[in-house]
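Here is how the chains run, residue by residue.
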Amino acid sequence: MDKVLKAVELFLLQLEALQQELSEVMAQKRTAMTALAGDELTKICQEEQTLIARLQKLLHERHRILAFAKQRGWASESLWHLVQAIATENREELSRRIEESQQRAVRLRHESWVHWIISHRSYNHYTELIELIAHCGQQSPTYHEEGNKSTAGGALLDTSI
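Rules behind the numbers
- Residues numbered from 1 in each chain as written.
- Predicted model: local features only at pLDDT ≥ 70, side-chain atom pairs only at ≥ 80, totals over all residues.
- Heavy atoms only, no water.
- Helix = DSSP H or I, 4+ residues; strand = E, 2+ residues; numbered from the N terminus.
- Buried < 20%, exposed > 50% of the residue type's maximum accessible area, 1.4 Å probe, protein only.
- Contact = heavy atoms within 4.5 Å.
- Areas by Shrake-Rupley, 256 points an atom, 1.4 Å probe, with all protein chains shown as cover.
- Core = buried A, V, L, I, M, F, W, Y, C linked by side-chain atoms within 4.5 Å.
- Expected span 1.5 Å × (residues − 1).
- Axes fitted to C-alpha atoms, helices over the stretch in contact; angles between N-to-C directions.
- Parallel < 35°, antiparallel > 145°, perpendicular 65-115°, else oblique.
- Nonpolar A, V, L, I, M, F, W, Y, C, P; charged D, E, K, R; others polar.

Along the protein chain, the regular secondary structure elements total four helices and zero strands. Ordered by position from N to C terminus, the α and β elements of the protein chain give α-α-α-α. Relative to its 161 residues, the protein chain shows a buried fraction of 26%. Within the protein chain, residue pairs in contact and separated by at least 24 positions form 53% of the contacts whose partners lie at least 6 positions apart. Split by element, the accessible area of the protein chain, about 11,800 Å² in all, is 55% carbon and sulfur.

What follows is about the nonpolar core. In this structure, Val8, Phe11, Ile65, Leu79 and Leu82 are the most contacted members of the largest nonpolar core, which totals 26 residues. Put simply, the parts of the chain that give this core at least two residues each are helix 1 (2–34), helix 2 (38–71), helix 3 (79–86) and helix 4 (91–134). The biggest single contributor to this core is helix 1, with 12 residues. If we skip the residues at most four places from it in the chain, leucine 79 touches Val8, Phe11, Arg62, Ile65, Leu66 and Ile98.

Its identity is not glycine, yet leucine 36 carries a phi of approximately 55 degrees, on the positive side. With respect to the secondary-structure elements, leucine 36 resides in the loop between helix 1 and helix 2.

Okay, helix 2 next. Relative to the 50 Å expected for 34 residues at 1.5 Å per residue, helix 2 spans 49 Å between its end C-alpha atoms, a close match to the ideal helical length. All of the buried residues along helix 2 are Ile44, Glu48, Leu51, Leu58, Ile65, Leu66 and Ala69. If you follow the buried residues of helix 2, they end up packed against helix 1 and helix 3. Where helix 2 terminates, the next one or two residues include glycine 73, which has phi positive at roughly 85 degrees.

In this section: helix 4. In this model helix 4 runs 64 Å from its N-terminal to its C-terminal C-alpha over 44 residues, within 8% of the 64 Å that 1.5 Å per residue would give. What helix 4 keeps buried is the set Leu94, Ser95, Arg97, Ile98, Ser101, Arg104, Leu108, Glu111, Val114 and His115. Of the surrounding secondary structure, the elements contacted by the buried residues of helix 4 are helix 1 and helix 3.

Our next topic: the environment of leucine 12. Residue placement: leucine 12 occurs in helix 1. Overall, leucine 12 belongs to the buried group, its relative accessible area being 1%. Taking C-alpha positions, leucine 12 is 9.4 Å from leucine 58, a pair spaced 46 residues apart along the chain.

Time to look at the environment of serine 101. Tracing the chain through its elements places serine 101 in helix 4. On a C-alpha basis, the gap between serine 101 and leucine 15 in space is 7.6 Å, while along the polypeptide they are 86 residues apart. Those residues within four positions of serine 101 in sequence are excluded, and the remaining contacts are Leu15 and Gln19.

To continue, consider the packing of helix 3 against helix 4. Two elements in contact, helix 3 and helix 4, have axes whose closest approach is 9 Å; the angle formed by their N-to-C orientations is 175 degrees. Comparing their axes, helix 4 and helix 3 come out roughly antiparallel. On the side of helix 3, the interface is formed by Leu79, Trp80, Val83 and Gln84, while helix 4 contributes Arg91, Leu94, Ser95, Ile98 and Glu99. In terms of residue class, the contact of helix 3 with helix 4 is built from five nonpolar, two polar and two charged.

Here it is in structure tokens:
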């Protein structure tokens, strides 16, 4: 049991550090996104990919720990359940650290969602700008004002044949 608890402690230590690094990188990314700093954003995305690869390795370690616990017949639904089942002296501390890690994960997901919204809105604005340039500030000639009914022009195929 001590070996498994040590593995859980090491996992949590690595996860906490990685979540902190990822949080810092995501804050830098938001700043770069709002400042339209393309070169900086590229560098930050590379850092983020490295951190995500490390996070995936930690996920494999978590699966390994839980598989080992399952082989022994211990609780293996989650690390929290495992700690509740086998830890004695440091149960409270490990449980607290797991819960804090879950809270950090929620904040990271939220920040990721904010990044998605920023990039999606930027894409929509860029697309609208391209449309304005392509049509010299006029509406597209292939659409009627009342909905998206095709009028004249713009057909790629002659369907009268």
